[in-house]
Amino acid sequence: MGTTLLSLTALLLSFTVLMIGHGLGNTVLGIRATLEGFPSWVMGLITSGYFFGLLIGTRIAVKLIQAVGKIRVFAAFASAASSVTLLNVLFINEVTWVLSRVVYGVSLATLFIVIEGWINAHADPKNRGQVLSLYMVLNFLGLACGQMLLFAADPASFELFAGVSILISISLVPLTLSQSKEPRLAQSEAFGLGRLYQISPLATIGCLCNGLTMGSFWGLSSVYYTTVGLPADHVATILSISFFGGLLFQWPIGYCSDLVDRRFTITVVLFGSSFICLCFVLFIGNQIIGITPFLMLVAFLFGGFGYTLYSLYIALANDFLEPHQAVKASAGLLGFHAIGAIVGPTCASFMMTLLGGSGLFVFIGSINVALALFAYKQLLQGRAIPAATHESFVSMPKTSPAILELDPRSHDPSGLNHTED
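By the naming in an unreviewed UniProt entry, the protein goes by MFS transporter and is assigned to Acanthopleuribacter pedis.

Caption draft 1: Focus on the overall build of the protein. Summing up its helical and strand segments, the protein has 15 helices and zero strands in all. For the protein, whose C-alpha radius of gyration is 20 Å, the value lies close to the compact-globule estimate of 22 Å for 421 residues. Here the protein holds 421 residues, and 60% of them are scored as buried. For the protein, long-range pairs separated by at least 24 residues make up 87% of all intrachain contacts whose partners lie at least 6 apart in sequence. A total accessible area of about 16,200 Å² is found for the protein, and carbon and sulfur atoms account for 68% of it. Of the charged side chains in the protein, 18 are positive and 19 negative; the average position of the first set lies 6 Å away from that of the second.

Caption draft 2: Here's a closer look at the packing of aromatic side chains. Inspection of the entire model under this criterion finds 21 aromatic pairs. Consider the rings of F280 and F361, whose centres lie 3.9 Å apart with planes at 5°: the pair is stacked. Of this pair, F280 sits in helix α12 (residues 262–284) while F361 sits in helix α15 (residues 359–381), and the two are 81 residues apart along the sequence. By relative accessible area, F280 is classed as buried at 0%. Look at F361 and you get buried, because its relative accessible area is 1%.

Caption draft 3: Representation of the environment of C256 in the model. The topology assignment puts C256 in helix α11 (residues 250–259). Classification of C256 as partly exposed rests on a relative accessible area of 41%.

Caption draft 4: A look at helix α4 (residues 94–122). Here α4 spans 42 Å end to end across 29 residues, near enough to the 42 Å set by a 1.5 Å rise per residue. Of the residues flanking the start of α4, the one acting as N-cap is N93, its side-chain oxygen 3.4 Å from the backbone nitrogen of V95.

Caption draft 5: Examining the environment of Y224 more closely. Within the element layout of this structure, Y224 appears in helix α9 (residues 201–227). Taking the C-alpha atoms as reference points, Y224 and F361, separated by 137 residues in sequence, lie 9.5 Å from one another. Those residues in contact with Y224, other than ones at most four positions away along the chain, are F280, I284, G285, I288, M352, G357, S358, L360 and F361. Polar side-chain contacts of Y224 include one of 2.9 Å to the backbone oxygen of G285.

Caption draft 6: Highlighting the packing of helix α3 (residues 70–90) against α4. The geometry of α3 relative to α4 is characterised by a closest axis approach of 8 Å and an angle of 150° between their N-to-C directions. Comparing their axes, α4 and α3 come out roughly antiparallel. At the point where α3 passes α4, the crossing takes the left-handed sense. Across the contact of α3 with α4, the residue classes break down as 18 nonpolar, seven polar and one charged.

Criteria and cut-off values
- Residues numbered from 1 in each chain as written.
- Predicted model: local features only at pLDDT ≥ 70, side-chain atom pairs only at ≥ 80, totals over all residues.
- Heavy atoms only, no water.
- Helix = DSSP H or I, 4+ residues; strand = E, 2+ residues; numbered from the N terminus.
- Rg over C-alpha atoms; globule rule 2.2 N^0.38 Å.
- Buried < 20%, exposed > 50% of the residue type's maximum accessible area, 1.4 Å probe, protein only.
- Contact = heavy atoms within 4.5 Å.
- Areas by Shrake-Rupley, 256 points an atom, 1.4 Å probe, with all protein chains shown as cover.
- Lys, Arg positive; Asp, Glu negative; His and termini not counted.
- Charge placed at Lys NZ, Arg CZ, Asp CG, Glu CD.
- Phe/Tyr/Trp six-rings, centres within 6.5 Å; stacked < 30°, edge-to-face > 60°.
- Expected span 1.5 Å × (residues − 1).
- Polar contact = N/O pair within 3.5 Å; in protein donor to acceptor, adjacent residues only side chain to side chain.
- Axes fitted to C-alpha atoms, helices over the stretch in contact; angles between N-to-C directions.
- Parallel < 35°, antiparallel > 145°, perpendicular 65-115°, else oblique.
- Left-handed = near helix turned anticlockwise from the far one by under 90°.
- Nonpolar A, V, L, I, M, F, W, Y, C, P; charged D, E, K, R; others polar.

Written out as structure tokens, the structure is:
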């Protein structure tokens, strides 16, 4: 493991710096949009534009990489992401922000695929799970640390946008100076909707709904907290707490899901998340005086439940599959999550327009309640999970299809080459 980490140091460093800038940029954009008086539905479109770009990026990245190489592609799209971040503060209008966010999404998807494809090629089959766990930790830590940089300057000024641009540019340095040989990258295949639904209806619908809810939270949470009265540094603190909740809940919830029927765990987590949304609506609402222990607790629990569900759905689908089918299924589920994340923010923003900022949690809670009832129905009536294919829970980031190759469940211990799928 030590040798593997040494060879991956530059890649992981690039990824961490990128995530710090990415986390800061997303929050600054939401706060600044609110300060500029953009209506919630505009920020919903801006967020949907980002996820739309992310989906496009995953479709075109591999061909670009195969044509000109990973380092050139990474340099080009890191520069693009850095540049459009500055455009957001130079041209403050709705159209520019939506279009720039699409470009930013394309760029981020390409950067993720470059880093994850490289990491996958250098990871040893014996320690893929450890490398994936480290990658997941760095993902959440980078996003959480990015929030803390909001203490450095006023979101109404130029400095924070410049800081995001600088961090994205700095992420270029470790990777481009790396002497690691460029690995080959194959185009990912994915199961379609019909096949995925046949494998697991709950996992398929769950990933789509998780995109609807957590995609909305990703883009609109900073808008909500700013709208209801929190200053920027308090918004940063609360969002960091949510990310830490997402990180710390991965193992205990995953461990519990291995001990019982995974659909039971999903049902409990969905009802738990719905209850937290109800707390936001009833006890926090549309006016917050400041950070309280109660607000910190519900933010922590919301992140813990919400950011764990995607990995639970992937684990549930894999429970019905042979190891060699896992990547295709996970790639398909990631695609449906992306579709949900494109649609969700726009829908949630209209709910916020109707009900105020807490409409975000009305939207998320309503979806989670409906899905929890469906999960309970599947628990009672769904087919039994085969003992022969049941695998342990693995935390999975929602970045790009390239990371799916790191999933230790996707490697057949028999060493047989399966082609029937």
